[in-house]
Amino acid sequence: MKALSQKRRHPIAGLALLLLGLLITGGLYSVASTMNQAQASNTGSSYSAEDITEGEKLFNANCATCHGVEAVGTENGPTLVGVGAASVNFQVGTGRMPMQMQGPQAQAKPNQFSDEQTAQLAAYVASLGAGPAIPEEQYLDTDHEDVDLGNGGTLFRVNCAMCHNAAAAGGALTRGKYAPPLAGVSEQHIYEAMITGPQNMPVFSDANIKPEDKRDIIAFLKQIESQGSPGGAALGSLGPVSEGLLVWTGGLAVLIGFMVWLTSRSS
Amino acid sequence: MSTSTTTEYQASTPTGKIANFMDTRAGLSPMVKEFGRKIFPDHWSFMFGEVALYTFVILLMSGTFLTLFFDPSMAHTTYEGSYKPLYGVEMSVAYASALDISFDIRGGLFMRQVHHWAALLFVAAMSVHMLRVFFTGAFRRPRELNWVVGCTLLILGLAAGFTGYSLPDEMLSGNGLRIIDGVVKAIPLIGTYISFFLFGGEFPGDDIIGRLYILHVLVVPALILLMIVIHLFMVVVHKHTQYPGPGRTENNVVGYPVGPVYAAKAGGFFFIVFGVVALLGGFFTINAIWNYGPYDPSPVQAGTQPDWYIGFVDGALRLMPGTLGDFSFKWDIPFPWGTNTLALGVLLPALVPAGILFAVMFGWPWIERWITKDNREHHILDRPRNAPTRTGVGVAGIIWYCVMWAAASSDLIATHFSVSLNDVTYWLRALFVFGPFIGFIITKRVCLALQRKDREIVLHGREAGVIEMTPEGEFRERHERLDDYRLYKLVSFENKKPIPAQPGRDGKIKASEKQRAKFNRWFYEERVAPVTREELAEAKTHDHSDVPSAVEGQDGQSSIGH
Amino acid sequence: MSEQSHGGPDHTGAVEHAGVEESGKYAIDNPGLPPHRPRLADEDPKAAKRAERQAAFLFGLSIVGTLLFFVGYFVVGQIGPDTTFATIRLQNMLLGLGTAFAMLGIGVGIVHWAKTLMPDHETTELRHEVRTEADRQVAVGMIEDIIDETQVKRRPLLRNTLIGAGVLAVLPAIAIFRDLDDTDNRSEFAAENFGPERLRHTMWATDVRLVRDPTGTPIKASDVTIGSAFHVIPEGLNELDPHEMLNQKAKAVVLLMRLNPEDMQVSPEREDWNVDGIVAYSKVCTHVGCPVALYEQHTHHLLCPCHQSTFDLTQECKVIFGPAGHALPQLPIRVNEEGFLVARSDFHEPVGPAYWERG
């Protein structure tokens, strides 16, 4: 416990230091060893120069305070060189960035930028270094004929359920961090989260889970989200805790009401 | 051989003939004579036992339905039922048949949900029933044994619940079984072998579901049924206890006769309980097994919890620190023949709190009898405020239990109240140690304050809610004196004083007796004595000058039926 | 036996009762049952009629509930592969609502009937002693006679041999459960397959490839980038018989991650257990065996979702929070000629929760 608190002077400071360290000591190393990343990355060449300049303006106005000019990182935020367009699209698109305040982890909130601005920001950051690109449409198509829900569910339970809960209702991590519920998250954002590993989520690169398998996982998530609960109210899909709570506060309370009525004298 | 000359009763109507046939063969008349007008006191808090009994009946009925479709086999199969997100997934036959009950059998899902909700309610009702018995002192002589039977029923209820929870063989309960396996393995000397015997070899094996199934559908319900029979038989022998009040004495029981009023109320209540359980089963999902997927030792889900009644053990496991700095509670003991391992980090939280709770629960009638030296029969219940120390101990126990219970959902507390998981654990650890003491002290104070308030009402009447101005211009609230029926309830309890240590036969005071006297002082030293005759007479002499006399009769009865 | 006694003290017997009401014990004497207060329905025939109609209405509601159940069962109809969840939910709701109305209608109706129309005079019944002294003497006399007639006291040989036989006769009932664990009967190496020794070994062995769970595909070292986490099983696991598969999987599951080597504290004897910062640890919690699968890629903490044991990956998975008592065992790995990750050996200690014979 002591070790833990010593390590965590400030959650974001640690994160920033770590990534900064990564950049300085292992920049070349990571470029050389990550063959798989190169497959799914681009350097911003698909974006127009205008997008990149517009993105830079937006970046300097909204992001540079923490991430530094040219995204080299500061004490308050990690470098963004090499995080890729997918990461920007996820972080900005889900409203996590810009952060409202420093805390254990960035909160999702309404997106502060238009789709166009988000794309421009992504274009700018992608131009700074190779990183995961925006996913291709075909891997987000949950109605694709090759989709296998059973496979998606199995992969979800092995790789994701321990943090996000088997019904994707979310769960707790250490020291105030958490894995958020996945209902209402777009296909693209789910995919981007897997390839970029936002916050403390591990990266599930294409070498680990193939793009087709990621599509199965997303299709499975969309299926359980849209099908609803067959047995009535799902009680947050939190399992025995919410069930026990309902039995004590609802079931037993209603019965006590009946008991009092039953044993009271009629007027 | 001589034939009897008495003319036997001959029935004339068809119903009469059947009744007469039964009567002459089974002796119904004596039974009707014995039970037909038996008296049961009426109070809402006496109904929790009935909720438990009725939910058990519902469990038997819905459970029988489920056994007709459930297949407790761990054989391997590929799911090809109606639930699409699991189509083509490898799983056990047990899980597949549980899914079929939910998705391919009409009413199967409803019956599953009714069964599970009834199970949660069953244990909850038993627990509240036992709390009622504890706080009112209904466990005292002659009902100690029935208290023990009740404790046994609670444990059997937990056993029934846990064995049932594990049957669908899905990921959530599979991880629950894995936790049980880990706890069992922590038992020194024999733990590893118990685990092998339980699972038929290494975890998870292919035997456990079938074994739990036979325990769940045969052995445990049969034992519960047997205990219920003993429990109810003893209730008939003892007759029911009753709250203090006018007309109630230690020698009588006041209430309504079985026929017709009590039978109608209790019988009708069965349908009410069934109706409430049906509402839960129809509108609220319980144990969404389709979410969890088949059991596989690799996956696990965030928010892995047992059903509520096992929660306190799980919570104790979570609260225990496994290491303190570099010290580990995993203790490798060097013996001459080699090193053995004692997993105290598991053993202590799994066995000690539950052990203490159940030991104190089972033993409490004897503990209290030893401390108070009260070996008299009690049929009039204590109002909890009139037994402040016992009530305090009970609340301390509840708080201790609830802290462990809350710890079992520490992760959900963290996510839903946006606090750190680690901080929740630290706070609950502190409450685990200090909570019961704080609870005891506060409860005892509240009880004493309520007793003082009772005295106040007896001596000066209750506040009428009317402000009056005296001719001198002074404002004061009018007090109304209670009628005797209400008054009696407030004054009819004993002034129990500490009993100092008594010398034994040899004239010496034994150490255990000194200890007893200490406990006894702790029990009774702080007390509020009931109002005496003299005090009441004294108070009444003041009345005429400043307190208007009470309104007699009329509304004096509304609380008496309780 | 029930009578309107209004609480007169009428007690004789040996047992002392608490609070036996000698006059003067409490501040006032027991005033007896309060006078009966008639209900509306007792005095007003209209009110009684109204109560009757209300109860009958509730019984009628119960009939409607039963019909509702049938609507849910037969009209919503058979469920199957093409049924949507909305239909299942509707059916479940109608069955629940129907049953609830059917039951509550009857129950509330009967209770209402009892409360309003049946007599509500409180009645008193006397208690009886659980045991009277006279009964006790008769019973003791009988038991003494019975024991006497068996002559068991005069013939100790009978008694002692019977006790001996009885004690022994129980033992088979215990011994017969020995084969609850019958694994040694199935295997050719009985010694290895019964007893705690088998908990020491997993499927991992020298040069067994690390493959993905559940697909079984091997993993190249270059696939494992910093920040990623792989759920790993030994190659060949999926080919086992399904039950043997689960038993082996329960011990062999591994989590594979890559750290920056500079972040890691590596003890001297484990120097060659990782591949450029790629490390493999047992996924079975050392507390009570849940899969420790929650990996935080920036803090390098591994968290168990069952009881929140937290392990620090940078300190060889030492316990830093929660109830676990010892570190997660590390699987020594290396890269083979084809670039795939393989195990150097089995784990060097038993995986999972501590047990007595662990040592």
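Residues numbered from 1 in each chain as written. Chains lettered and ligands numbered in written order. Predicted model: local features only at pLDDT ≥ 70, side-chain atom pairs only at ≥ 80, totals over all residues.

Chain C has the name Cytochrome bc1 complex Rieske iron-sulfur subunit in an unreviewed UniProt entry, where Citricoccus zhacaiensis is given as its organism. The record in UniProt for chain C states the following under Subcellular location (unreviewed entry): "Cell membrane". Database annotation for chain C, UniProt heading Sequence similarities (unreviewed entry): "Belongs to the Rieske iron-sulfur protein family." (UniProt positions renumbered as here; feature names shortened; annotations may be inferred.)

Looking up chain A in an unreviewed UniProt entry gives the name Cytochrome bc1 complex cytochrome c subunit, with the organism given as Citricoccus zhacaiensis. We quote the UniProt Subcellular location (unreviewed entry) comment for chain A here in full: "Cell membrane".

Looking only at helices and strands, chain A has 12 helices and 4 strands in total. Long-range contacts, defined as pairs at least 24 residues apart, comprise 71% of the intrachain contacts of chain A with a sequence gap of at least 6. (Helix = DSSP H or I, 4+ residues; strand = E, 2+ residues; numbered from the N terminus. Contact = placed C-beta atoms within 7 Å.)

Right, let's talk about the sheet that holds strand S5 (residues 254-258) of chain C for a bit. All names here are of chain C. Taking strand neighbours across the sheet as the criterion, the 5 strands line up as S3-S4-S5-S6-S11 in an open arrangement whose pairing is antiparallel. Unpaired on one side and paired on the other, strand S3 (210-212) and strand S11 (330-331) mark the two borders of the sheet. The pairing of strand S4 (residues 229-234) with S5 spans 4 bridges and is classified as antiparallel. By the bridge assignment, Ala229 is partnered in S5 with Met257. (Pairing = 2+ DSSP bridges.)

All names here are of chain A. On the UniProt side, "domain: Cytochrome c" (unreviewed entry) is annotated at positions that read residues 50-129 and 147-225 here. Overall, residues 50-129 shows 51% helix and 0% strand. The separation of its end C-alpha atoms is 18 Å. Helix and strand shares over residues 147-225 are 51% and 5% respectively, and the end C-alpha atoms of the span are 16 Å apart.

Moving on to the UniProt feature "transmembrane region" (unreviewed entry) in chain C. Under the feature "transmembrane region" (unreviewed entry), the UniProt entry names residues 55-75, 95-114 and 157-177 of chain C. Along residues 157-177 of chain C, the helical share is 90% and the strand share 0%, with 32 Å between the first and last C-alpha atoms.

So, on to the interface of chain B and chain C. Each partner contributes residues to the interface: chain B has 111 residues there, and chain C has 97 residues. Here the element with the most residues in the side of chain B that touches chain C is helix H10 (residues 258-283) of chain B; it accounts for 17 residues. Taken together, the residues that form the side of chain B that touches chain C break down as 51 nonpolar, 40 polar and 20 charged. Sheet analysis places strand S4 (residues 252-257) of chain B next to strand S2 (residues 123-126) of chain C, joined by 4 bridges and oriented antiparallel. (Nonpolar A, V, L, I, M, F, W, Y, C, P; charged D, E, K, R; others polar.)

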